Amino acid sequence: MLSMDNLVDATLSLQSRGDVQTCTTWKAPIIWEGMFEAYLYDKAHKRKKSSVAVTVFAVGKYLEAYLETFLYSSEQHFMLGLPVTYYVFTDMPEKVPHIVLGPKRHLKILSVHRHSRWQDISMMRMKTISDIIQTEIRYNFTHVFCFDVDQKFTGRFGSEALGDSVALIHAYYYRLPKSMYTYDRNPNSKAYMETGDFYYHAAVFGGTWKNVKAVTDACYKGIMEDKENNVEALWHDESHLNKYFWLNKPSRLLSPEYCWDDSIGYRTDIRVKRLLWAPKDYENLRTNN
Ligand code: 5GW
Ligand code: MN
């Protein structure tokens with residue numbers, strides 16, 4: 001038996017994809033194109049009154065480089081038909097672009113300080129997300145999705161992705177042996193792990209507000225303990241996220257269709273690209289001011 005986030009998961013067809021893994025050893029579904037009936041998910045979540053808070057950070061140069069495309073494309077593809085509120089965290093609130101939003105969709109801008117180290121910008125997201133869930137999201141939304149801003153929606157990213165605890169399989173590693181997963185290997189870090197189930201990508205994770213609160217709290221705690229011990233995990237917040245999902249199995253996995261990098265090239269198993277990595281101009285983006 002499949003473990004179920006929702007009764008509608010009984011309609012998932014795990015056999016419809018012979019070319020990929022559609023279920024984990026702990027019976028969580030891995031969502032691929034062809035496995036689900038979109039309209040059944042949309043109907044079920046409308047009936048249940050699911051609502052989604054999106055957190056996205058656009059600090060420094062990332063605001064002008066990515067935010068408009070992220071938001072505009074999300075309005076074309078992300079959870080259409082459900083109430084969605086974007087929580088945009090930025091150091092330049094006045095520069096957030098004005099986007100026309102669909103019905104029942106809203107955008108909130110929140111100020112954050114700009115950390116001088118980019119590793120800290122990335123890691124401190126965990127604390128900020130936990131705080132906004134505690135003060136606001138928990139009273140108004142059933143689910144939360146947390147996204148990197150440097151991405152663009154290009155296909156349906158719908159209610160089939162909603163679950164109690166949702167992790168995304170990193171596009172670079174889904175076909176590689178576990179020995180190549182880049183977990184943190186330093187025993188002094190809280191993120192240290194010898195082996196795991198999958199290599200998850202921190203650019204997308206979600207779940208019920210309660211579960212996302214638990215994920216972000218655990219990751220923040222690990223990050224702070226590492227700081228006290230003068231260590232930093234190999235891939236920062238992503239290493240801590242991988243450790244969390246190894247100890248606390250996600251109830252639902254998203255295939256790399258849900259966060260693909262076109263520079264990987266053509267893959268027969270990627271039938272729909274739902275979210276694409278935006279091209280990176282590291283030279284420009286990772287220098288100060
Ligand atoms: C800047 C320089 C290096 C790394 C990160 C940043 C950075 C990240 C930034 O200056 N401003 C910012 O808002 N971010 C947020 O952190 C964005 O939401 C971004 O998508 C997220 C993670 O950083 P990325 O996307 O550069 O990380 P990777 O793992 O995709 O390379
Ligand atoms: Mn990114």
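See above for the structure.
Note that the structure is predicted; figures quoted are calculated from it, not measured.

Q: Looking at this model, I keep getting lost on the overall build of the protein. Mind explaining?
A: Looking only at helices and strands, the protein has six helices and 10 strands in total. What you see for the protein is a C-alpha radius of gyration of 18 Å, in line with the 19 Å of a compact globule of 289 residues. In terms of its C-alpha atoms, the protein occupies a principal-axis envelope of roughly 50 × 45 × 40 Å. Taking all 289 residues of the protein together, 55% fall into the buried category. Summarising the internal contacts of the protein: among those between residues at least 6 apart in sequence, 75% fall at separations of at least 24. For the protein, the accessible surface area stands at approximately 13400 Å², while carbon and sulfur atoms represent 52% of it. Here the protein contributes 36 positively and 34 negatively charged side chains, and the mean placements of these two sets differ by 5 Å.

Q: Can you walk me through the sheet that holds strand 2 (residues 52-57) in this structure?
A: Either a parallel or an antiparallel arrangement is found when strands of a sheet pair, and the pairing is made through backbone hydrogen bonds. The sheet built from eight strands is open, its strands ordered 1-9-7-8-5-2-3-4 with mixed pairing. What marks the edges here is a single partner per strand, and that holds for strand 1 (30-31) and strand 4 (105-111). Examined bridge by bridge, strand 5 (residues 143-147) and strand 8 (residues 200-208) share five bridges and lie antiparallel to one another. Looking across to strand 8, one finds that His 143 is bridged to Thr 208. With respect to the sheet, helix 4 (residues 209-228) is in contact with strand 5, strand 7 (165-169) and strand 8, its orientation differing from that of strand 8 by roughly 140°.

Q: Help me out: how do you make sense of the pairing of strand 5 in this one?
A: On any regular strand, side chains alternate: one points to one face of the sheet, the next to the other face. Most of strand 5 sits inside the fold, with five of its five residues counted as buried. The two faces of strand 5 match: His 143, Phe 145 and Phe 147 on one face and Val 144 and Cys 146 on the other face are all buried. Here strand 2 pairs with strand 5 via five bridges, running parallel. Counterpart to Ala 53 in the pairing with strand 5 is Val 144.

Q: Where do I start with the nonpolar core in this structure?
A: Across soluble globular proteins, nonpolar side chains have a tendency to be buried as a group. Among the nonpolar cores identified, the biggest contains 85 residues, and Phe 78, Met 79, Phe 145, Phe 147, Phe 157, Val 204 and Leu 254 are the most heavily contacted of them. Once residues within four sequence positions are removed from consideration, Leu 254 is found in contact with Ile 31, Phe 145, Phe 157, Ala 161, Val 166, Ala 167, Leu 168, Ile 169 and Val 204. Of all hydrophobic cores here, the second largest spans five residues; its members include Tyr 173, Tyr 181, Tyr 183 and Met 193.

Q: Got a minute to help me understand the state of the cysteines in this structure?
A: Every disulfide links exactly two cysteines, by a covalent bond between their sulfur atoms. According to the stated counting rule, one finds zero disulfides in the structure shown. With no disulfide of its own, Cys 219 lies 10 Å from the sulfur of Cys 146, the closest cysteine sulfur.

Q: Even after reading the chapter, I still don't get the side chain of Glu 75, so can you show me in this structure?
A: Residue position: Glu 75 is located in helix 2 (residues 61-77). Excluding residues within four positions of it along the chain, Glu 75 makes contact with Leu 80, Tyr 86, Ile 99, Val 100, Leu 101, Gly 102 and Arg 105.

Q: What is the right way to read the packing of aromatic side chains from this model?
A: Two numbers describe a pair of aromatic rings. These are the distance of the centres and the angle of the planes. Across all of its chains, the model carries 29 aromatic pairs by this definition. Measuring from centroid to centroid gives 5.4 Å for Phe 78 and Phe 147, while their planes differ by 85°, and the two rings are edge-to-face. With a gap of 69 residues between them, Phe 78 in the loop between helix 2 and strand 3 (84-90) and Phe 147 in strand 5 connect regions that are remote in the sequence. Comparing Phe 78 with Phe 147 shows no difference in burial state: the two are buried. Taken together, Phe 70, Phe 78, Phe 145, Phe 147, Phe 153, Phe 157 and Tyr 258 form an aromatic cluster joined through their ring pairs.

Q: Where do I start with the pairing of strand 7 in this structure?
A: Across the five residues of strand 7, five count as buried, placing the element largely inside the fold. In strand 7, alternate side chains face the same way, and those of Ser 165, Ala 167 and Ile 169 on one face and Val 166 and Leu 168 on the other are all buried. Here four bridges tie strand 7 to strand 8, and the two strands are oriented antiparallel to one another. For Ser 165, the partnering residue across the bridge sits in strand 8 and is Gly 207. Where strand 7 lies against strand 9 (residues 252-254), three bridges are found, and the strand directions are parallel. Paired with Val 166 across the bridge in strand 9 is Arg 252.

Q: For this particular structure, what's the right way to read the coordination of the manganese ion (ligand 2)?
A: Expected angles at a metal are 109.5 degrees for tetrahedral coordination by four donors and either 90 or 180 degrees for octahedral coordination by six donors. Protein-derived ligands of the manganese ion (ligand 2) are Asp 148 (OD), Asp 150 (OD) and Asp 150 (OD), with the metal-ligand distances lying across 2.1 to 2.5 Å. Like Asp 148, the residue Asp 150 is buried in the burial classification.

Cut-off values and rules
Residues numbered from 1 in each chain as written. Chains lettered and ligands numbered in written order. Predicted model: local features only at pLDDT ≥ 70, side-chain atom pairs only at ≥ 80, totals over all residues. Heavy atoms only, no water. Helix = DSSP H or I, 4+ residues; strand = E, 2+ residues; numbered from the N terminus. Rg over C-alpha atoms; globule rule 2.2 N^0.38 Å. Buried < 20%, exposed > 50% of the residue type's maximum accessible area, 1.4 Å probe, protein only. Contact = heavy atoms within 4.5 Å. Areas by Shrake-Rupley, 256 points an atom, 1.4 Å probe, with all protein chains shown as cover. Lys, Arg positive; Asp, Glu negative; His and termini not counted. Charge placed at Lys NZ, Arg CZ, Asp CG, Glu CD. Pairing = 2+ DSSP bridges. Axes fitted to C-alpha atoms, helices over the stretch in contact; angles between N-to-C directions. Core = buried A, V, L, I, M, F, W, Y, C linked by side-chain atoms within 4.5 Å. Disulfide = S-S within 2.5 Å. Phe/Tyr/Trp six-rings, centres within 6.5 Å; stacked < 30°, edge-to-face > 60°. Donors = N, O, S within 2.8 Å, 3.2 Å for Na, K, Ca; no water.

No statement about biological role is implied by the geometric values presented.
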